[in-house]
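Analysis of the macromolecular model
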Amino acid sequence: MSKPIIETVSVADQQDHGAVFPLAYALQTKQSTLSDMHEWIQSRRDQLLEQLAQHGAILFRGFPIKDAEDFDSVIRTFRLDSFTYQESLSNAVRVNRTELVFTANEAPPEVSIFLHHEMAQTPLFPSRLFFCCETAPESDGETPICRSDVLLDRLQEREPDFVAACENLGVRYSNVMPAQDDPESGQGRSWKSTLDAADTAEAEMRLDKLGYAYEWLPDNTLRVTTPVLPAIRTLVGGRRVFFNQLIAAFRGWQDVRNDPRKSICFGDDSEIPTDSMNVAIELADELSFNLAWQDGDVALIDNYLVMHGRRPFKGKRRVLASLVADDGSRLAA
């Protein structure tokens, strides 16, 4: 059996808090098999997870991964508890390819998906994310990633009152879910799919259990507002992160049903200042690294530490995703 020759490589000159971002490993021989990759991951699994917690993102490049089944096998090699898309409260329309693997947001290619922590607008979210590039786009289509601990430090310098309000008040999110999936919108997942509900009674039961406020609209759409959620979280070890969905909601929650101006507020229902949000967006854009996909790339993202998004693209682009369950072990008491 041929053995993979794997080494760390630089895909960026960027360092955040003394850690290369992202960390990258590249396969140096074309003779290696998928089984070789499994063996390599198994022998370094704990080390890789420690590196992920330090760096926030790891890119695996040049490995022999061709399709969703190959990607699924790599995910299983890490021996992490999965978080299926069916059990999530995400707004995005996605299609399952295997039990653990689904397509990334199905929004049209011209639509930008702005920086966010996966499902941070809900009480249920994953701790880590896997992405895999099945088909690289003809052009553009990068995945921007941004360290939220670094962003919070910069925000503290520029907007201390805003940071204090985020920490003390928390935030609430509102959106309108359609009756049927709308793939033309980045927030187009239906209330039936989002809430795993067959009818309005089941939907209301799930919302009541999770502490949501809600209103049924005349066209059978559903307006929901979350309970108060943290906008800043403290991780084990004391690292503080700007863990929320504010940038994505403020910039991108707009379709025929939703208005970004009505999508976010502080936990006491007071308005979030536009000027402060503009500073947060400016800083996040400055800090972002654009991950330009190559076929077979796999990226492992720490969802507590790193935000991600999607640039518009041309041509066919197929990036797959998988979620890892959150057990709360990364959060400080």
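Calculation criteria
- Residues numbered from 1 in each chain as written.
- Predicted model: local features only at pLDDT ≥ 70, side-chain atom pairs only at ≥ 80, totals over all residues.
- Heavy atoms only, no water.
- Core = buried A, V, L, I, M, F, W, Y, C linked by side-chain atoms within 4.5 Å.
- Buried < 20%, exposed > 50% of the residue type's maximum accessible area, 1.4 Å probe, protein only.
- Helix = DSSP H or I, 4+ residues; strand = E, 2+ residues; numbered from the N terminus.
- Contact = heavy atoms within 4.5 Å.
- Pairing = 2+ DSSP bridges.
- Axes fitted to C-alpha atoms, helices over the stretch in contact; angles between N-to-C directions.
- Disulfide = S-S within 2.5 Å.
- Expected span 1.5 Å × (residues − 1).
- Parallel < 35°, antiparallel > 145°, perpendicular 65-115°, else oblique.
- Left-handed = near helix turned anticlockwise from the far one by under 90°.
- Nonpolar A, V, L, I, M, F, W, Y, C, P; charged D, E, K, R; others polar.
- 1 Å grid on protein atoms, 1.4 Å probe; cavity = no way out; pocket = protein on both sides within 12 Å on 5 of 7 lines; lining within 4 Å.
- Points joined across faces, edges and corners; volume = space filled by probe spheres on them.

1. A word on the nonpolar core
A general trend in soluble globular proteins is that nonpolar side chains are found buried together. Of all hydrophobic cores here, the largest spans 31 residues; its most connected members are Leu151, Leu155, Phe162, Phe242 and Leu246. With 7 residues, the top contributor of residues to this core is helix α8 (residues 274-287). Not counting residues within four places of it along the chain, the set of residues in contact with Leu246 comprises Phe162, Cys166, Val171, Tyr173, Ile264, Ile272 and Met277. Counting 28 residues, the second-largest nonpolar core is a separate cluster that includes Ala104, Val241, Ile301 and Ala321.

2. Some remarks on the sheet that holds strand β10 (residues 143-147)
Two pairing modes exist for strands in a sheet, parallel and antiparallel, and in both the strands are linked by backbone hydrogen bonds. The sheet built from 4 strands is open, its strands ordered β7-β19-β10-β17 with antiparallel pairing. Looking at the sheet topology across the chains shown, the edges are occupied by β7 (113-116) and β17 (289-291). On average, adjacent strands in this sheet sit at an angle of 20° to one another, irrespective of strand direction. Examined bridge by bridge, β10 and β17 share 3 bridges and lie antiparallel to one another. The partner of Ile145 across the bridge, within β17, is Phe289. Lying over the sheet, helix α3 (residues 148-158) contacts β10 and β19 (306-310), oriented at roughly 60° with respect to β10. Against the sheet, α8 touches β7, β10, β17 and β19, its axis set at about 110° to β10.

3. Regarding the sheet that holds strand β16 (residues 264-266)
The strand order across the open sheet formed by 4 strands is β12-β13-β11-β16, and the pairing between neighbours is antiparallel. Single-partner strands in this sheet number two, and they are β12 (213-216) and β16. Between one strand axis and the next, the sheet turns by 15° as a mean value, whatever way the strands run. Alignment of strand β11 (residues 171-177) against β16, held across 3 bridges, turns out to be antiparallel. Bridge assignment links Tyr173 to a residue of β16, and that residue is Ile264. In this fold helix α6 (residues 200-210) packs onto β12 and β13 (222-225), with an angle of close to 160° to the strand it touches most, β12.

4. Focus on the state of the cysteines
Taken as a whole and judged by the stated rule, the model has 0 disulfides. Here Cys166 is not disulfide-linked; the sulfur of Cys265 is the nearest cysteine sulfur, at 12 Å. What makes Cys166 buried here is its relative accessible area of 1%. Its relative accessible area of 16% is what places Cys265 among the buried residues.

5. A short note on α8
For α8, spanning 14 residues, the distance from its first C-alpha to its last is 20 Å, which sits close to the expected 20 Å at 1.5 Å a residue. For α8, the full list of buried residues reads Ser276, Met277, Val279, Ala280, Ile281, Leu283, Ala284 and Leu287.

6. As for the packing of helix α1 (residues 34-55) against helix α2 (residues 68-77)
The N-to-C vectors of α1 and α2 enclose an angle of 20°; their axes lie 9 Å apart at closest approach. Looking at the two axes, α1 sits roughly parallel to α2. The element α1 and its partner α2 pack so that their crossing is right-handed. From α1, Leu34, Met37, His38, Ile41 and Gln42 reach across to α2, where they touch Asp70, Ser73, Val74 and Thr77. Its residues placed into classes, the contact of α1 with α2 shows 4 nonpolar, 4 polar and 1 charged.

7. Notes on empty space enclosed by the protein
Overall, the coordinates contain 4 cavities of 30 Å³ or more when judged by the stated rule. Approximately 40 Å³ is the volume attributed to the second largest cavity. In terms of lining, the second largest cavity is formed by Ile75, Phe78, Leu80, Asp81, Ser82, Phe130, Ser322, Leu323 and Val324. Sorting elements by how many residues they give to the lining of the second largest cavity places strand β21 (residues 318-324) first, with 3 residues. Tallied by class, residues from the lining of the second largest cavity come to 6 nonpolar, 2 polar and 1 charged.

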